[in-house]
Amino acid sequence: MTTTSNTGEIFGEAGSFSHEPVFHYINGRFQAGQAGRSFETLNPATNQPLAQVAEGLTEDIELAVRAARKAFDEGSWPRLSTSERAQVLMRIAEAIEAHADEIAQLEVYDVGMPITQARSQAARTAENFRFYARVIQNLAGEAYQVGKRFLNYTLYKPVGVAGLIMPWNTPLMLSSWRIAPALAAGNTVVLKPAEWSPLSADLFAHLLDESGLPAGVFNVVHGFGESCGAALVAHPGVNLIAFTGETTTGKTIMASAAATLKRCSVELGGKSPVIVCADADFEQAVDAAVFGIFSLNGERCTAGSRLLIEEGIYHDFVEAVAKRTAAIRVGDPSDPQTELGPLIHPEHLARVQGYIAAGQQEGARLMVGGARPHGLTQGNYLQATLFADVKPGMRIFQEEIFGPVLVAMPFRDEAEAIKLANAVRYGLAAYVWTRDIGRAHRIGQDIEAGMVWLNSQNVRDLRTPFGGVKESGIGHEGGHYAFDFYCNLQTIHMALDRHAIPRFGVE
Ligand code: NAD
């Protein structure tokens, strides 16, 4: 049995790995919860206990917010120059890179992500810190000259204490999207990781602790959403909430945050269309359609989960996708050959299986998968699954399944493709495949989605904004756009000379 409590060696045989108890990280100290309660997490590949985790309650949030508040109101972090903060972020990036193998392996144990994909997530995590170290140094306000009489200028200032509430999918990489810009801007942070995937947040706490962040600047409180997360949202000492998770949770959080008028950035669910026109590069489009849904175990907010195919190639394209789907290697996420690992938790597996049953009941054609793979009796494994001949009214077309389930249907023409793409409540991402470049842009621009990829899988330059429309969220991560959220913009108006002021009250 292999154990760890820090960034040391953590390798062990899959299934036999167990983690040392996980504590909150508050004011630079790892500590148990005030009430002494804890909960257990499971290894998704085996459903064996993985870690015993401190359960945070209101009083733990209180301690963490107090520490973050003090670090913000009185500490050095918000008062450092941007280049000094950038140096710390660079050190964090280097620490992540130095421990990349262990970090990737931890993500495998914690969430069941296949190791090859976890390695790229670890690299991207380091890059996120490095990127924000660069961007913060280039963040500049503007000056407005008003003749020779006035000068006005704008300043970006940190907001205060940032509450970050994270989901269990790709927790390491997604947390870094939030942590890096929040810290770069000079805020202090209280992070509430998802209860099913606490280990990467614990690792962040160790790495950031070793990277020279002053005590109280970064805090982690583990626990459940309705207790620990809700307490963070309600706390009057918290200035903003960055939430990534389900749409229904996002609505609850925004309603609760309204009581203390906190700004919220909510990155929510998706049901993103992949539109394949008859003139598309067939092979590339097949590659992208298959990778777009089955990578990261299908537990991906930008997954291309609805495949819309032009009538003329519908049959051939669906057959080609079916062939590849049936051949996807499902198995031990620690095995570099594995393409699809176990789902995060038995409850989530049951939810995804519920959608497969609903699809069959509603009359969709189950072409591939739908069941537990042979020989994988333990863990939350599910075959890569493809439904064809789906109808827009079906639940599997409308609702986010968040697992390895792809649904396909034909479209007649451009107008119908757009109508179908927009026929859901979500609007996160969309993918369009056609060699007609005008058509690609027309369709792309008419789709109600925050991000559209034309003839491309989900490759995103860190400078571009990330975010959805409709019920997929409010706000943008990425690039300098993140600082619109993590900073207050202040305007200073200054007179350069005496100027006429209406003289009220003069006799
Ligand atoms: P979730 O909404 O169940 O939980 C997310 C986090 O919110 C967890 O930490 C949870 O403990 C906390 N939480 C739950 N109830 C709360 C409450 N009342 N108050 C405060 N906190 C609360 O989501 P999940 O199942 O962990 O994640 C999957 C979802 O996240 C999917 O819908 C997926 O599409 C979405 N997601 C979106 C993006 C994006 O960028 N748009 C990225 C990743 C995941």
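These remarks concern the structure in this document. Just so it is clear, the model here is predicted, and its values are computed rather than measured.

Thoughts on the site of the ligand
- Taken together, 28 residues are adjacent to the ligand, and K192, E195, T249, L268 and E400 come closest.
- Within the backbone of E246, one N or O atom sits 2.9 Å away from an oxygen atom of the ligand.
- In this structure, T249 approaches the ligand through a side-chain N or O atom, which is 2.6 Å from an oxygen atom.
- Of all the secondary-structure elements, those providing two or more residues to the shell around the ligand are helix 7 (225-234), strand 10 (240-244) and helix 8 (247-258).
- Residue contributions to the shell around the ligand peak at three residues, all from helix 7.
- Within the shell around the ligand, the residues separate by chemical class into 15 nonpolar, eight polar and five charged.
- A domain split of the shell around the ligand shows at least three residues from each of domain 1 (60-268 + 472-491) and domain 2 (272-454).

Details of the pattern of salt bridges
- All chains considered together, the criterion is met by 20 salt bridges.
- Residue K192 pairs with E195 through a salt bridge whose shortest N-O separation is 3.3 Å.
- As a salt-bridge pair, E399 and R395 come within 3.1 Å of each other at their nearest N and O atoms.
- The class for E399 is partly exposed, based on a relative accessible area of 27%.
- Several salt bridges share partner residues, and in doing so they unite E310, E414, R439 and R442 into one network.

Thresholds applied
Residues numbered from 1 in each chain as written. Predicted model: local features only at pLDDT ≥ 70, side-chain atom pairs only at ≥ 80, totals over all residues. Heavy atoms only, no water. Near = heavy atom within 4 Å. Polar contact = N/O pair within 3.5 Å; in protein donor to acceptor, adjacent residues only side chain to side chain. Helix = DSSP H or I, 4+ residues; strand = E, 2+ residues; numbered from the N terminus. Nonpolar A, V, L, I, M, F, W, Y, C, P; charged D, E, K, R; others polar. Domains from an automatic or database assignment. Salt bridge = Lys/Arg side-chain N within 4 Å of Asp/Glu carboxyl O. Buried < 20%, exposed > 50% of the residue type's maximum accessible area, 1.4 Å probe, protein only.

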